Amino acid sequence: MMELKLKILKQSSKSGFTVVESIIGLLIAAMILGLTVTMISGIRQNRIQEKAFFDEYERCFRKAQNSSLLMHRKTQITVEDGHLKFIDYGDEARNFTLNVPETIHLANSKTIYITDAGFVSPQTIQWLNQDGNVKYKQKIQLGWGGFVVEKEE
């Protein structure tokens, strides 16, 4: 009977994890969780920067349209080298630049013209992510419609 109890105790002590194995497993799980949280917060920060950029871009676009209409001057918007440049043909003091977030860029340089009546020709501009895939489509509507930005999934 005593031998049976010893045999049962020896068998039960062999199953399961040791304290060291458990600590190592917990450390690995904590590292994976920490990396995931860090990556998610970085992605969220990039989205916030991109949304802020497009909100400011739309505000400046409408301001340029209104200025063109009121002052009867053409405005040119160019995107190059990570900058969005608004050029007022009648008053250089009204020129300004917006910085494009590093997470997006255009496939090619693009120029948008706002007429002296405030109109813009309809067009679609594709903003790419760092891998070169389409991330946003900016659709400029006819006339005073402004533009709409659609996020590609």
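Everything numeric in this text was worked out from a predicted model, so none of it was measured.

### Some details on the overall build of the protein chain
Part 1 of the argument: In terms of helices and strands, the protein chain carries two helices and eight strands.
Part 2 of the argument: The N-to-C order of helical and strand elements in the protein chain reads α-α-β-β-β-β-β-β-β-β.
Part 3 of the argument: Pairs at least 24 residues apart make up 46% of the contacts formed inside the protein chain by residues separated by at least 6 positions.
Part 4 of the argument: Counting every atom, the protein chain has about 10,800 Å² of accessible surface; 59% of that belongs to carbon and sulfur.

### What about a nonpolar patch on the surface?
Part 1 of the argument: Together, Val20, Ile24, Ile28 and Ile32 make up a nonpolar patch on the protein surface, roughly 380 Å² of accessible area in all.
Part 2 of the argument: Note that Ile24 resides in helix H2 (residues 19-71).
Part 3 of the argument: Judged by relative accessible area, which is 45%, Ile24 ranks as partly exposed.

### Observations regarding the sheet that holds strand E6 (residues 123-128)
Part 1 of the argument: Sheet architecture is open: four strands sit in the order E4-E6-E7-E8, paired in antiparallel fashion. Two strands close off the open sheet at either side, each with one partner strand: strand E4 (105-106) and strand E8 (147-151).
Part 2 of the argument: Pairing analysis gives five bridges linking strand E7 (residues 134-140) to E8, with the strands arranged antiparallel. Bridged to Tyr136 within E8 is Lys151.

### Observations concerning the pairing of E6
Across a regular strand the side chains alternate sides, sitting on one face of the sheet and then on the other.
Part 1 of the argument: Of the pairings in the sheet, the one linking E4 to E6 comprises two bridges and is antiparallel in character. Across the sheet, His105 pairs through a bridge with Leu128, a residue of E6.
Part 2 of the argument: Relative to E7, E6 runs antiparallel, the two being bridged by six bridges. When the bridges of E7 are listed, Leu128 appears paired with Val134.
Part 3 of the argument: From the end of E6 to the start of E7, which pair antiparallel, there are five residues, and Gly132 there has a positive phi angle of about 90°.

### A few points about the layout of surface pockets
Part 1 of the argument: Space inside the largest pocket adds up to approximately 230 Å³.
Part 2 of the argument: Top contributing element to the lining of the largest pocket by residue count: H2, with four residues.
Part 3 of the argument: Grouping the amino acids of the lining of the largest pocket by side-chain chemistry returns one nonpolar, four polar and five charged.
Part 4 of the argument: Taken as a whole, the second largest pocket encloses approximately 180 Å³ of empty space.
Part 5 of the argument: Lining the second largest pocket, in full, are Arg47, Glu50, Lys51, Phe54, Asp55, Glu58, Tyr136, Phe147, Val148, Val149 and Lys151.
Part 6 of the argument: Of all the secondary structure elements, the ones that give two or more residues to the lining of the second largest pocket are H2 and E8.
Part 7 of the argument: Counted by class, the lining of the second largest pocket contains five nonpolar, no polar and six charged residues.

### Description of the sheet that holds strand E5 (residues 110-114)
Part 1 of the argument: The antiparallel open sheet is built from four strands, whose spatial order is E3-E2-E1-E5. Each edge of the sheet is formed by a strand with only one pairing partner; in this case those strands are strand E3 (96-99) and E5. With strand direction ignored, the average angle separating the axes of adjacent strands in the sheet is 15°.
Part 2 of the argument: Pairing of strand E2 (residues 83-88) with E3, which is carried by four bridges, proceeds in the antiparallel orientation. Paired with Lys85 across the bridge in E3 is Thr97.

### Digging into unusual backbone geometry
Part 1 of the argument: Of note in the backbone geometry, His72 takes a positive phi value of approximately 55° without being a glycine.
Part 2 of the argument: With respect to the helices and strands, the residue His72 is situated in the loop between H2 and strand E1 (75-80).

What counts and what doesn't
Residues numbered from 1 in each chain as written. Predicted model: local features only at pLDDT ≥ 70, side-chain atom pairs only at ≥ 80, totals over all residues. Heavy atoms only, no water. Helix = DSSP H or I, 4+ residues; strand = E, 2+ residues; numbered from the N terminus. Contact = heavy atoms within 4.5 Å. Areas by Shrake-Rupley, 256 points an atom, 1.4 Å probe, with all protein chains shown as cover. Patch = residues over 30% accessible without salt bridge, like charges linked within 9 Å, V, L, I, M, F, W, Y side chains within 5 Å. Salt bridge = Lys/Arg side-chain N within 4 Å of Asp/Glu carboxyl O. Buried < 20%, exposed > 50% of the residue type's maximum accessible area, 1.4 Å probe, protein only. Pairing = 2+ DSSP bridges. 1 Å grid on protein atoms, 1.4 Å probe; cavity = no way out; pocket = protein on both sides within 12 Å on 5 of 7 lines; lining within 4 Å. Points joined across faces, edges and corners; volume = space filled by probe spheres on them. Nonpolar A, V, L, I, M, F, W, Y, C, P; charged D, E, K, R; others polar. Axes fitted to C-alpha atoms, helices over the stretch in contact; angles between N-to-C directions.

Coordinates in, geometry out; function isn't part of it.
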